[in-house]
Amino acid sequence: MAIYIASIDVLEPGMVVGRPIFGAGGIPLVTQGIPLSRALINAIRRQKIEQIYIKDDSDGPSETPQGLLSHELEREGRRKVEAIFSKAVEKMSISVKDIEVLSDLLSSVMAELSRGGSLTMGSLKAVADMDKVTFDHCWSVAVLSLALYREAIEDGWLPLGTFQDGINMGLGAVLHDIGKLKVPLEILNKPGMLNEKEWEEMRLHPWHGLELVRNQPNVMPMARGIIIHHHQRLDGKGYGPRSSENILSGDKIPKIVRLASVADVYDAIATDRPYRPGYLPWEVLRTMRKSLGDALDAKAFSLLERMVVPFPIGCFVLLKRGEVCMVTRSDGPWGRVLALMTPLKGRALGDIFSFGAEDVLLGGTTLQGLAWRVRREFFSVLGKDDKRLDPSGWSVLSDWKDRLLKAFGR
Ligand SMILES: [Fe+2]
Ligand SMILES: [Fe+2]
């Protein structure tokens, strides 16, 4: 039996749900083992869920994507963070009780992360067990920061801290962008580039964040440091503190903050935005690598690189030779990626083949995401009327050809 991720666009009646599906607020919608009907597919689509787990009886790949946490804790965490932050938006403040709830939640996260074995982040960012939540980013950055913290200690880069140090790290990470409560929504949700004035407003969010936790007895200096300094750069060109004298650079930036910045940047690039789909881990790493030494710490980045699976199961790639494929198996560290791919149906042996990172032209977490990328990248390089832009000429797996053509508006 195989369990794999399927984009909502390729679901068909008769496919069997591989894992429970949850709607907004964590409400269960469909239990596992239920065959999909047309009505059910439409209901899932209405929940704006992008991908679900499907199982079938084929003897295809049986791997399931691994996230950093169990599905249960992942769901509980997102739900709690969303509830607390929604309340904070309403009241423009965060209560002592909420900080306690967050601390409890983070200790469960630490307990799970401290289990033996290596940490891998092999699941796709866009996999939605529930509706997209507004404060997803804060939760994801907290979990990733704590995972990096564990790696840093194991590596000897950071000394072994107390359990409370971990909670403080997680609390700083989960609250790092809380100051955005005070940034006008039109600026936060603006699809394009910010103008100078808007940018100035945006740059105040670390400061607003520090103000919001000023009277919180349980938010320790370590957490406050992450809130105010998470946009510092190694070259000293970052922002955060009000006074320019307090801007940090190089080794003056605490290692804890450097780890949180790496987690923050990773999640920001990997996540869908209103104006663009999220990038594949492979591309996120490639982008981040360009700013090592100037903005990001190379050591903190190397710890992240160890955990990230560049082509997670369920993602889509366009190979240089023209095929569009879904990754159904992923293996090996960066640079030695072996992935086996198959079309969603059929699973005939002949349809499965392997590729290396060097064979990949572009990737996407969904087929639409990939089509968006292809369109954007190709238009900028080739110009609108170039023949090579016409996907009908590509040797695309037949199941997806029509969808790709549609995505290109042809
Ligand atoms: Fe920020
Ligand atoms: Fe952030």
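Residues numbered from 1 in each chain as written. Chains lettered and ligands numbered in written order. Predicted model: local features only at pLDDT ≥ 70, side-chain atom pairs only at ≥ 80, totals over all residues. Heavy atoms only, no water.

Chemist: Before we go on, may I ask you to explain the overall build of the protein chain in this structure?
Modeler: When helices and strands are tallied, the protein chain shows 14 helices and 10 strands. Within the protein chain, the proportion of its 410 residues that are buried is 52%. When contacts within the protein chain are restricted to residue pairs at least 6 apart in sequence, those whose partners lie at least 24 apart make up 67%. A total of about 18,600 Å² of accessible surface is found on the protein chain, and carbon and sulfur atoms cover 53% of it. (Helix = DSSP H or I, 4+ residues; strand = E, 2+ residues; numbered from the N terminus. Buried < 20%, exposed > 50% of the residue type's maximum accessible area, 1.4 Å probe, protein only. Contact = heavy atoms within 4.5 Å. Areas by Shrake-Rupley, 256 points an atom, 1.4 Å probe, with all protein chains shown as cover.)

Chemist: What exactly am I supposed to notice about the packing of aromatic side chains here?
Modeler: Per the stated rule, a full pass over the model turns up two aromatic pairs. Between tryptophan 199 and tyrosine 239 the ring centres are 5.9 Å apart and the planes differ by 75°, which places this aromatic pair in the edge-to-face class. Of this pair, tryptophan 199 sits in helix H7 (residues 196-202) while tyrosine 239 sits in the loop between helix H9 (221-229) and helix H10 (255-270); the two residues are 40 residues apart in sequence, bridging distant segments of the chain. Positioned above the aromatic ring of tryptophan 282, the side-chain terminus of arginine 286 is 4.6 Å from the ring centre. (Phe/Tyr/Trp six-rings, centres within 6.5 Å; stacked < 30°, edge-to-face > 60°. Lys NZ or Arg CZ within 6 Å of the ring centre and 35° of its normal.)

Chemist: Would you explain the pattern of salt bridges in this entry?
Modeler: Any two side chains of opposite charge can pair, given that their charged atoms come close. According to the stated counting rule, one finds 16 salt bridges in the structure shown. Arginine 306 is the partner of aspartate 155 in a salt bridge, and the nearest nitrogen-oxygen pair spans 2.6 Å. Placement of aspartate 155 in helix H4 (residues 136-155) and of arginine 306 in helix H12 (residues 298-307) is noted, with a sequence separation of 151 residues between them. The partly exposed category is assigned to aspartate 155, whose relative accessible area is 29%. Judged by relative accessible area, arginine 306 falls into the partly exposed class, the value being 45%. Linking aspartate 235 and arginine 233 is a salt bridge whose minimum nitrogen-to-oxygen distance equals 2.7 Å. Accessibility expressed as a relative area gives 30% for aspartate 235, which makes it partly exposed. Each of the salt bridges in this network shares a partner with another, and the network as a whole consists of Arg150, Glu151, Glu154, Asp155, Lys299 and Arg306. (Salt bridge = Lys/Arg side-chain N within 4 Å of Asp/Glu carboxyl O.)

Chemist: Just to check I follow, could you spell out the coordination of the iron ion (ligand 2) for this structure?
Modeler: Geometrically, a metal with four donors at the corners of a regular tetrahedron has ideal angles of 109.5 degrees, and one with six donors at the corners of a regular octahedron has ideal angles of 90 or 180 degrees. In the first shell of the iron ion (ligand 2), the protein supplies His137 (NE2), His176 (NE2), Asp177 (OD) and Asp264 (OD), at 2.2 to 2.3 Å from the metal. Looking at histidine 176, the relative accessible area reads 1%, which means it is buried. (Donors = N, O, S within 2.8 Å, 3.2 Å for Na, K, Ca; no water.)

Chemist: Sorry, what's going on with the coordination of the iron ion (ligand 1) here?
Modeler: Only Asp177 (OD), His205 (NE2), His230 (NE2) and His231 (NE2) from the protein reach the iron ion (ligand 1) as donors, at distances of 2.1 to 2.2 Å. Given four donor atoms and angles of 87 to 180° at the metal, the environment of the iron ion (ligand 1) is assigned as irregular. Read in sequence order, the donor residues for the iron ion (ligand 1) give the motif D-x27-H-x24-H-H. Here the iron ion (ligand 1) and the iron ion (ligand 2) are spaced 3.7 Å apart, with aspartate 177 acting as a shared donor. Of this pair, aspartate 177 sits in the loop between helix H5 (163-174) and helix H6 (185-188) while histidine 230 sits in the loop between H9 and H10, and the two are 53 residues apart along the sequence. (Tetrahedral: all angles 85-135°; square planar, octahedral: opposite > 155°, others 65-115°.)

Chemist: Would you mind going over the side chain of aspartate 264 with me for this structure?
Modeler: Relative to the assigned elements, aspartate 264 resides in helix H10. Of the side chains with opposite charge, lysine 180 lies nearest to the buried aspartate 264, which makes no salt bridge, at 6.5 Å. Residue contacts for aspartate 264: discarding those within four places in its chain leaves His137, Val141, His176, Asp177, His230 and His231. (Lys, Arg positive; Asp, Glu negative; His and termini not counted.)

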